[in-house]
Amino acid sequence: MANEFPNGNGAADTAPSMSALIQYTKDFSFENPKAPRALGQQAAQEGPQMSLQVNVSSTALGENDYETVLQLEGKAELNGETLFAFDLSYGGVFRLLNVPQEHIHPVLVIDCARLLFPFARQIIAEAVQNGGFPPFYVPPIDFAALYQQRMQEFQAQQGAPLA
């Protein structure tokens, strides 16, 4: 609606815009398989080995509305045993107006994911802490670099030259 108002010269505003309409936890799992025994292992000399997988997907919901889902899956292991594991799908619905077609996908998987990340990060930190461990703060993610890496992998699989 904001783009329908005339600007100072009477013409409609055609600047690209993105609005977050809603954010939500789509799916979440936290596992603490060795509790309470694992909670005593926290004082070990070496810290646990952490692993993290990140995925971003998007789906068109209408002409200008899109869902972006940020999926964070990780676990902590110590001496080959899982201390805790999590799997979070955190989504949002975004409205894009006046965004050129070729920029829609990058906006969804870079900019929208960047907006969702702090909320997903906090959910994970609180769940880990509620599981009896120090909070685990997912390190910052460079979604632009992740997007470029995935595009290069996709193009390599397709045999297409890199642009």
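Here, every reference points to the structure presented above.
Reading the values: rules and limits
- Residues numbered from 1 in each chain as written.
- Predicted model: local features only at pLDDT ≥ 70, side-chain atom pairs only at ≥ 80, totals over all residues.
- Heavy atoms only, no water.
- Helix = DSSP H or I, 4+ residues; strand = E, 2+ residues; numbered from the N terminus.
- Buried < 20%, exposed > 50% of the residue type's maximum accessible area, 1.4 Å probe, protein only.
- Contact = heavy atoms within 4.5 Å.
- Areas by Shrake-Rupley, 256 points an atom, 1.4 Å probe, with all protein chains shown as cover.
- Pairing = 2+ DSSP bridges.
- Axes fitted to C-alpha atoms, helices over the stretch in contact; angles between N-to-C directions.
- Core = buried A, V, L, I, M, F, W, Y, C linked by side-chain atoms within 4.5 Å.
- Salt bridge = Lys/Arg side-chain N within 4 Å of Asp/Glu carboxyl O.
- Phe/Tyr/Trp six-rings, centres within 6.5 Å; stacked < 30°, edge-to-face > 60°.

## Looking at the overall build of the protein
When helices and strands are tallied, the protein shows 2 helices and 4 strands. Listed N to C, the secondary structure of the protein is β-β-β-β-α-α in terms of helices and strands. The buried share of the protein, reckoned over its 163 residues, is 31%. Restricting to contacts in the protein with at least 6 residues of sequence separation, those with at least 24 account for 67%. For the protein, the exposed surface amounts to about 9,900 Å²; the carbon and sulfur share of it is 51%.

## Re the sheet that holds strand 4 (residues 81-97)
Taken in spatial order, the 4 strands make up an open sheet running 1-4-3-2, and their pairing is antiparallel. The open sheet terminates on both sides in strands that have one partner only, identified here as strand 1 (17-31) and strand 2 (49-60). The sheet shows a mean angle of 15° between the axes of neighbouring strands, direction not considered. When strand 1 meets strand 4, the two strands line up antiparallel, connected through 13 bridges. Counterpart to Met-18 in the pairing with strand 4 is Leu-96. Its contacts with the sheet place helix 1 (residues 101-130) against strand 1, strand 2, strand 3 (65-78) and strand 4, and it is angled at close to 140° to strand 4.

## Here we look at the nonpolar core
With 33 residues, the main nonpolar core has Leu-70, Leu-72, Phe-84, Leu-96, Ile-124, Phe-136 and Phe-143 as its most contacted residues. Contributions of two or more residues to this core are made by strand 2, strand 3, strand 4, helix 1 and helix 2 (143-158). Looking at which element gives the most residues to this core, the answer is helix 1, with 12 residues. Discounting residues that sit within four places of it in the chain, Phe-84 has contacts with Phe-30, Glu-31, Pro-33, Met-50, Lys-75, Ala-76, Val-128, Phe-133 and Phe-136.

## Concerning the pattern of salt bridges
Within the structure shown, the criterion is met by 4 salt bridges. Of the charged contacts, one joins Lys-26 and Glu-67 as a salt bridge, the two residues approaching to 2.8 Å between their closest N and O atoms. Residue Lys-26 is found in strand 1, and its partner Glu-67 is found in strand 3; the two are separated by 41 residues along the sequence. When its relative accessible area of 47% is taken as the criterion, Lys-26 is described as partly exposed. Taking the shortest distance from any N to any O, the salt bridge between Asp-111 and Arg-114 comes out at 3.1 Å. Of the two residues, Asp-111 and Arg-114 are both situated in helix 1; the distance of 3 residues between them amounts to about one turn of the helix. For Asp-111, a relative accessible area of 28% gives the class partly exposed. We classify Arg-114 as partly exposed; its relative accessible area is 44%.

## Let's talk about the packing of aromatic side chains
Applying the stated rule across the entire model yields 4 aromatic pairs. Each ring, one from Phe-30 and one from Phe-84, has its centre 6.1 Å from the other, and the planes form 25°; the classification is stacked. With Phe-30 in strand 1 and Phe-84 in strand 4, this residue pair connects regions lying 54 residues apart in the sequence. Phe-30 gets classed as partly exposed once you look at its relative accessible area, which sits at 25%.

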